[in-house]
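Reading the structure
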Amino acid sequence: MSSPDTSARTAVAPEPPPPVTADQPAADRPAANRPLHERPEDGQLLAAKLVPLRRPGQWVSALALLVLLAMLVHTLLTNKRFQWDVVGSYFLNGSIVNGLVLTLWLTAAVMSTGYLLAIGVAAMRLSGNPVLRSLSFGFVWLVRSVPPLVQLLFWYELASLYPQLSLGIPFGHEFVTVRTAHLFSGILAAYVGLTLDVAAFASEIVRGGILSVEHGQTEAAEALGLGRARIFRRIVLPQAMPAIIPASGNLLIGMLKATSIVSVIAVQDLLYSSELIYNQNYLIIPLLLVATLWYIILTTLLSIGQFFVERRYARGSNRRSGTGFWQLFRGNVPLFGANGRSGRELAGLS
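Residues numbered from 1 in each chain as written. Predicted model: local features only at pLDDT ≥ 70, side-chain atom pairs only at ≥ 80, totals over all residues. Heavy atoms only, no water.

Here the focus is the packing of helix α10 (residues 215–223) against helix α11 (residues 228–258). Relative to each other, α10 and α11 sit at 145°, their axes nearing to 10 Å. Classified by chirality, the crossing of α11 by α10 is right-handed. Mapping the contact onto sequence places Gln-217, Thr-218, Ala-221 and Glu-222 in α10 and Arg-228, Ile-231, Ile-235, Val-236 and Gln-239 in α11. The residue makeup of the contact of α10 with α11, split by class, is 4 nonpolar, 3 polar and 2 charged. (Axes fitted to C-alpha atoms, helices over the stretch in contact; angles between N-to-C directions. Helix = DSSP H or I, 4+ residues; strand = E, 2+ residues; numbered from the N terminus. Left-handed = near helix turned anticlockwise from the far one by under 90°. Contact = heavy atoms within 4.5 Å. Nonpolar A, V, L, I, M, F, W, Y, C, P; charged D, E, K, R; others polar.)

Laid out in structure tokens, this is it:
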């Protein structure tokens, strides 16, 4: 009978407490060196105030950023070349407002049509038919590879490639013929080009949201005898919305700003309206500031709307469903009164 091997087992002696001098007060001594009657009890230790870790680097960097922010605000208010009085006089100008309306209309039309196409393209990507999968993949690959401005120019110059479009029997008799020079105006070219661009990017967003839904949901619906179209519309898509909404909100805000490229093909949107005015009076900076302020206002409103839509679809889950907008704002901007709590705690994520 062999004896147990104890050669690899060594005892590590604990570190000795620091030496205590004779003139050191009892309250300043470590707890291990105090007499038993002077050592703190468990209740006192639990009730002790936690001292946060000092981070001087964060305070220095925050102070430097605040100084830079103050310098920025100071130059915006004191530099007379910004001409804020001119900005105010043109802010509600009739031409500017008309361009703003066109920008909003184009954004809404492009997003609504683009997402309808995106749902169909995403369904084709997830289909079991290899032809549909290949065609949808090719569409997404091609549109995402070409810059939106190039697409707009191609659609605007479509008459150079196809002087006329016809409807009839494939490779046979033509029933209706339309001249593209009269059909594709700047607005229609912008609408078609941006819609296809949104459809390509949004289809990947929708596809990712659909894949986030567990396959057991579809199997349970099929066991109840529901059709595939109804399963997709009533079961899969509503559950995929919490994953689709955040990316879709970012895409919407990006598309609102991307509509400014239609000024290249002479569509009188918000930016092009500003350009027309400063080409006459040469007040370039004030008119650009007018367009910038409108874009800031619109993107802020869209961000607020995105928050409430996300909260609606997050009901019944633990994803910030009980957090209000103002609490979330204060959590991300603690200078406006976060009461020392972190944004993660205010957002209900801790």
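As enumerated under the stated definition, the model contains 3 aromatic pairs in all. Ring centres of Phe-91 and Trp-294 lie 4.5 Å apart, and the angle between their planes is 5°; this geometry places the pair in the stacked category. Here Phe-91, found in the loop between α3 (84–90) and α4 (94–125), pairs with Trp-294, found in helix α13 (residues 284–313); they are 203 residues apart in sequence, far enough to count as distant. For Trp-294, a relative accessible area of 12% gives the class buried. Pairing Phe-307 with Phe-308 gives two aromatic rings, centres 5.1 Å apart and planes at 75°, and the pair type is edge-to-face. Judged by its relative accessible area of 12%, Phe-307 is buried. (Phe/Tyr/Trp six-rings, centres within 6.5 Å; stacked < 30°, edge-to-face > 60°. Buried < 20%, exposed > 50% of the residue type's maximum accessible area, 1.4 Å probe, protein only.)

Moving on, we come to the layout of surface pockets. Taken as a whole, the largest pocket holds about 480 Å³ of empty space. Around the largest pocket, the lining is made up of 15 residues, and of these Leu-126, Ile-210, Arg-228, Phe-232 and Val-236 lie nearest the centre. Looking at the lining of the largest pocket, the elements with two or more residues in it are α9 (186–211), α10 and α11. Per-element accounting of the lining of the largest pocket gives the leading share, 5 residues, to α11. (1 Å grid on protein atoms, 1.4 Å probe; cavity = no way out; pocket = protein on both sides within 12 Å on 5 of 7 lines; lining within 4 Å. Points joined across faces, edges and corners; volume = space filled by probe spheres on them.)

Membership of the largest hydrophobic core comes to 34 residues, with the highest contact counts inside it found for Tyr-115, Leu-194, Val-198, Ile-244, Leu-251 and Val-262. Of all the secondary structure elements, the ones that give two or more residues to this core are α4, α9 and α11. If one sorts the elements of this core by residue count, α11 sits on top with 10 residues. Setting aside residues up to four positions removed in sequence, Val-262 forms contacts with Leu-106, Leu-152, Ala-190, Leu-194, Val-267 and Asp-269. Leu-100, Leu-270, Ala-291 and Leu-298 belong to the second-largest nonpolar core, a separate cluster that totals 17 residues. (Core = buried A, V, L, I, M, F, W, Y, C linked by side-chain atoms within 4.5 Å.)

We now examine the pattern of salt bridges. In this structure the tally under the stated criterion is 2 salt bridges. For the salt bridge of Arg-125 with Glu-204, the shortest nitrogen-to-oxygen distance reads 2.9 Å. Placement of the pair is Arg-125 in helix α4 and Glu-204 in helix α9, with a sequence separation of 79 residues. Here Glu-204 makes a salt bridge to Arg-207, at a shortest N to O gap of 2.8 Å. With a gap of 3 residues between them, Glu-204 and Arg-207 both fall in helix α9, about one helical turn apart. The exposure class of Arg-207 is partly exposed, given its relative accessible area of 21%. (Salt bridge = Lys/Arg side-chain N within 4 Å of Asp/Glu carboxyl O.)

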